[in-house]
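Coordinate inspection notes
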There are 2 protein chains.
Amino acid sequence: MSVRLLETIADTRSALEPARRQGQTIGLVPTMGALHAGHGRLIAEARQGTNLVVVSVFVNPVQFDREDDFTRYPRDLPRDLAFCEAAGVDVVFAPAVQEMYPAPQRTFVEVTRLTGHLCGRFRPGHFRGVATVVLKLLNIIQPHRAYFGEKDAQQLAVVRRMVRDLNLPVEIVPVPTVREPDGLAISSRNQHLNPQDRRAAAALYRALCVAQQRIASGATAPEDIRRDVLAALQPDPRLRVEYVEIVDPDQMQPVERITAPVRVALAVWIGSVRLIDNLLCEPPPRG
Amino acid sequence: MSVRLLETIADTRSALEPARRQGQTIGLVPTMGALHAGHGRLIAEARQGTNLVVVSVFVNPVQFDREDDFTRYPRDLPRDLAFCEAAGVDVVFAPAVQEMYPAPQRTFVEVTRLTGHLCGRFRPGHFRGVATVVLKLLNIIQPHRAYFGEKDAQQLAVVRRMVRDLNLPVEIVPVPTVREPDGLAISSRNQHLNPQDRRAAAALYRALCVAQQRIASGATAPEDIRRDVLAALQPDPRLRVEYVEIVDPDQMQPVERITAPVRVALAVWIGSVRLIDNLLCEPPPRG
């Protein structure tokens, strides 16, 4: 069995119709291509959880806040197809921009409150673009389950809230972050790092582990955790911290005291590359 | 065969599942109840076009810009059920507010540009609430076709654009306005008019017919049409004009010259009742 490449919405709907009518379940892994081991994990989960796996490959212009970031986002469809073939994907849906946005897009989905902190504060319009394109993809593929990585924790929270608030008939499955041996979360943006910056980038995960350990040991003041995370990052002048925040995992709101599991999340610039990461941190069980 | 009343999303989805699996088509007529001959026409179209007709009855708090309008909006479910029974409806979906909005709604659909004029200018947030609840209903019922009246022309344009922009797998079917013998467009708000105001309300349609005739005779300047419509309304001091606009039928933007079919639309207050109406007006064929 070999992966099938489809580039139009109509072809994709027709291709999925027989499986759907036979009662097979469909899993969607939405991606912007440049597939890596993180996507591999999403695909493996989808293969386990559904009968037919669709990977969408679409670099969505509407979610980029910086033109240069959109332009230089890596694109290599033949390589992504080979990756999907090896991973046992059934269908790759790779539409052109014109196919997804044939006319000026007038309709946008806004998820309020959840987008007020973290990346939402620094990338205006980003999550509006993400929510809108994810909704379009869900409507085109109509999957039973869709798989999102925990590395993009705010995106995952936004998509989950959208699905719930709009009564979408799909289950959103969160998938753990895949890391390099030194802890760096795998991301297509890592390939833009030069060797020294790549080594420096390991500090992000180390700093998050400091937070996780402090919280597990009973620290409850977010400002203390924040200070410890910054202390773990700032010795290296290559790292410019955009934010470090401690938020509740559902609403993505800063907490005043850590009495339940929280997400410690950060964004750091290394040269012209922006990296994000986060870790779920649990306080000790109450005695 | 008798109409089935369902009040939860889960029950409604289960009830529709067997028909869907058998390949039957489902038609949705979204309403706020207070059913009248206009809804009757929508239901009749749905019965013609689909195998199984669902009428939703839900007074959506999110689309009301004035609290008093929401509070006094007429509600009479037993009467609406009897109406649906007589009209041959299969399922009435009548959820409580708590069922549709179990948690604070954070996700909203915005349709830009199309909502900048007409009612959108005077009812801030109204179309955001309409688009959001219509999308929820479409996701709950997953109909093959959904039916909307042309009386609410801007709402129809907004829903059509949303469906197109979000790739929703549903066909939106427009249904002509039903009128009283004197031309007044049937609306649940008409019942709030006292007898003198009711007689005065017939001027709305007469004014629109003036516009239609002038445009059919070759008038091309929107400001002339607007002046004629106002002249047909203003002799009566009971009528307070909110807007009269001449827009293109898809984008709902004011036109500079009438060279293609336009919608002449108006909103008029009579006492504390706000009425809207519109007419598609076509210029003469070019010679």
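The following paragraphs examine the structure supplied in this document. (Residues numbered from 1 in each chain as written. Chains lettered and ligands numbered in written order. Predicted model: local features only at pLDDT ≥ 70, side-chain atom pairs only at ≥ 80, totals over all residues.)

What about the packing of helix α7 (residues 126-141) of chain A against helix α8 (residues 153-165) of chain A?
Residue and element names in this part refer to chain A. Applied cut-off: Convention adopted: a line fitted to C-alpha atoms gives each axis, helices being fitted over their contacting stretch, and angles between N-to-C directions are expressed from 0 to 180 degrees. Working definition: helices are DSSP H or I runs of at least four residues, strands are E runs of at least two. Numbering for both runs from the N terminus. Any angle that falls under 35 degrees is termed roughly parallel, while one over 145 is termed roughly antiparallel, one within 65 to 115 roughly perpendicular, and all others oblique. For any helix crossing, the convention is left-handed if the near helix is rotated counterclockwise from the far helix by under a right angle, and right-handed if that rotation is clockwise. Residues are scored as being in contact if the C-beta atoms we place from backbone atoms lie within 7 Å. Note on residue categories: nonpolar means Ala, Val, Leu, Ile, Met, Phe, Trp, Tyr, Cys or Pro, charged means Asp, Glu, Lys or Arg, and polar means any other residue, Gly included.
Between α7 and α8, the least distance of the axes is 10 Å, while the angle of their chain directions is 50°. On the basis of their axis angle, the class for α7 and α8 is oblique. The chirality of how α7 crosses α8 is right-handed. Contacts between α7 and α8 involve F127, V130, A131, V134 and L135 from the former and Q155, V158, V159 and M162 from the latter. The residue makeup of the contact of α7 with α8, split by class, is 8 nonpolar, 1 polar and no charged.

With respect to the interface of chain A and chain B
The condition is simple: Strands are treated as partners if at least two bridges between them are detected by DSSP.
In this assembly, 23 residues from chain A lie in contact with 23 residues from chain B. Counting residues per element, the ones that place at least two in the side of chain A that touches chain B are β5 (107-111), α7 and α8 of chain A. Of all the elements, β5 of chain A adds the most residues to the side of chain A that touches chain B, at 5 residues. Classifying every residue of the side of chain A that touches chain B gives 11 nonpolar, 6 polar and 6 charged. Bridging between β5 of chain A and strand β5 (residues 107-111) of chain B involves 5 bridges; their strand directions are antiparallel. Paired with V109 of chain A across the two strands is V109 of chain B, which belongs to β5 of chain B.

Side note on the sheet that holds strand β8 (residues 239-247) of chain B
Residues and elements named next belong to chain B. The 3 strands lie next to each other as β8-β9-β10, forming an open sheet whose pairing is antiparallel. Lying at the two open borders of the sheet, with one neighbouring strand each, are β8 and β10 (273-281). Going from strand to strand, the sheet's axes swing by 15° on average, the running direction of each strand aside. In the sheet, β8 pairs with strand β9 (residues 262-270) via 8 bridges, with the strands oriented antiparallel. If you follow V247 over to β9, its bridge partner there is R263.

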